[in-house]
Each structure stands twice: as structure tokens, then as C-alpha cells.
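# Chain and residue survey
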Amino acid sequence: ITVSKQGTYRTEFTTTQPNMQGNSKSTFTFNATLKNQTAEQQLYALMAEAPRGWNVIFKANYKQATSAQVAPNASENISVDITAPSNVKAGTYKIPVIATTGSTSAQLEFEVVITGSYRIELTTPQDITAGDTRKLELVVLNTGSAELKDIQLSANKPIDWEVSFEPSKLDRLAPGDKANVTAVLKASRQALPGDYVTKITARAPEADTTTDFRISVKTPMITGWIGVVVILAA
């Protein structure tokens, strides 16, 4: 009796860490092991069934690849880098990945938990007269997909200018929502006519934004009349 062992046409695709959590800007790197349990060398095509907009990159031997060659009864370490689209909503996403040949295949499913993206914007106009107080209407926008809490407002202003905010902070701002904030700005009496830059920052623990606002300072009307009187007197 002659007995010969041909092996099984079976492949194993396994990982010890199938789940990761992070925000939408994170890169989720999973490590997997591809084991060829057949009696022949196999060239595996590596594919992912990711939702639209997601990016999946396979790496074999630390090099980006779309396939991996594995000897009989041998294993190959495969790393999988997964990135989400920038506008992804908070939630749990399943990413199936497949290693396949013409005769055998194996599938592995990764789970990515998105805690949300954190983005914030700040907008406003304006111009002001030297020595005057002007109220500027600011709009704080949560353009991310997660709630922002404890948003503080501050300003980097020209010398001798005064800036305060009403309110000075926002307790919370839901995704897609906006809030109006009034900036009370007083220009220095010694400010010369021209453009001045005031940096206004909206800062939360998770995200912040700083916007430069160019404020045009005009000469007070009284100064203009004094000039006219001086010219007439001359």
C-alpha cells in the first residue's frame, strides 16, 4: 500500500487585534497572518470590500502590495492600513479583506470604530473708526461629525486695543450646528488709519481654529473737520 500526502487546499487569514477605535483622521493599522496550508506555493491576491471613500493599503514585508506569495505550509505577515473619508460619521464600520487564489481563499473582517471628526470654523467681516467700539458678529461652526464641548474664544489684538466676547465660551456645539458670538472690539485712540490684523481663536479640547481678521481703521470725523479748519485758517 502506497500512501502519499498531498495536503489540503486550505488557507488561514487571522489577526489578534480585529478592532480599533479613533477619529476620522486616524490611520488604523492592523497586523494579520496569512498561512498557506496547501502543498503548493500560492500567490494570493489581496482585496478589500471597504465602503465607498475608504482607503485600504496592504503591505507584505513592509512594502505596499496587492498580492503576496506564500510557500507551502508557510506563513506571511500582512499589515493593513485603513483610512476613513474625511466626512465620515461617527459609528462602527466593518471592513472585510480577502486573500484569494484560483484554488483557495480566506477572509478576515476588521472593525473600525469612528469616534467622530473634530473641525471648527470662525467667520466675520468688518471695519471700525479709531477710538470707537464696534460689535462684530462671529459665527462658530462645528464642521466635524462629533460634538464639541467647552469652546473658548480669545484674541491676539494690536497694542492698546480691547477685545471681549459675549459669551466668552460655548458649553457645547453639535455636529453641523453653529453659534453666534459677539466680539466687542475697541480700537486704540492713537490708531492711525489703515488695516490692522486681529487673530481670533475658537478652541475646544479636540480642535481649534484661528482666523485673521483684517480690520480697517478710519480717521474719526472730528479729525477731518479739524484738518479742514486748519486749512481754512491757513
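Described in the following lines is the structure provided in the data block. Within any chain, residue numbers begin from 1 and follow the written order of that chain's sequence. With pLDDT at 70 or above as the cut-off, local features in this predicted model cover only qualifying residues; side-chain atom pairs require 80 or more to be listed or tallied, and sums for whole chains, interfaces and linings still use all residues. Neither water nor hydrogens contribute to the side-chain values; these are computed over all heavy atoms in the structure.

## A few points about the overall build of the protein
- The numbering of helices and of strands both runs from the N terminus, where a helix is a DSSP run of H or I of at least 4 residues and a strand a run of E of at least 2. Scanning the protein from N- to C-terminus turns up one helix and 19 strands.
- A simple rule labels every residue: compare its accessible area, found with a 1.4 Å probe on the protein chains alone, to the largest value its type can have, and call it buried under 20%, exposed over 50%, or partly exposed in between. With 234 residues in all, the protein has 37% of them scored as buried.
- Two residues form a contact once any of their heavy atoms are found within 4.5 Å. Looking at the protein alone, contacts between residues at least 24 apart form 65% of all its contacts between residues at least 6 apart.
- Each accessible area is a Shrake-Rupley estimate made with a 1.4 Å probe; only the visible protein chains count as cover when residues are assessed. Carbon together with sulfur atoms contributes 48% to the accessible area of the protein, which is approximately 13800 Å² in total.

## Considering the environment of Arg52
- Within the fold, Arg52 resides in the loop between strand 4 (42–48) and strand 5 (55–60).
- Accessibility expressed as a relative area gives 84% for Arg52, which makes it exposed.
- Through-space distance from the C-alpha of Arg52 to that of Pro85 is 8.5 Å; in sequence the pair is 33 residues apart.

## Details of the pairing of strand 15 (residues 162–166)
- On strand 15, burial follows the alternation: Val163 and Phe165 on one face are buried, whereas Glu162, Ser164 and Glu166 on the facing-out side are not.
- Pairing of strand 15 with strand 17 (residues 178–186) involves five bridges; the strand directions are antiparallel. Considered in strand 17, the bridge of Ser164 is made with Val184. In this scheme, strands are said to pair when DSSP sees at least two bridges between them.

## Some words on the sheet that holds strand 2 (residues 19–22)
- Read from one edge to the other, the open sheet built from five strands follows the order 2-10-9-4-7, with strand pairing classed as mixed. One side of each edge strand has no neighbouring strand; the edge strands of this open sheet are strand 2 and strand 7 (67–70). Across this sheet, the average inter-strand angle for adjacent strands is 25°, counted without regard to direction.
- Alignment of strand 4 against strand 7, held across four bridges, turns out to be antiparallel. Within strand 7, the position partnered with Leu43 by the bridge is Gln69. All axes are obtained by fitting lines to C-alpha atoms, using only the stretch in contact for helices, and the reported angles, taken between N-to-C directions, cover 0 to 180 degrees.

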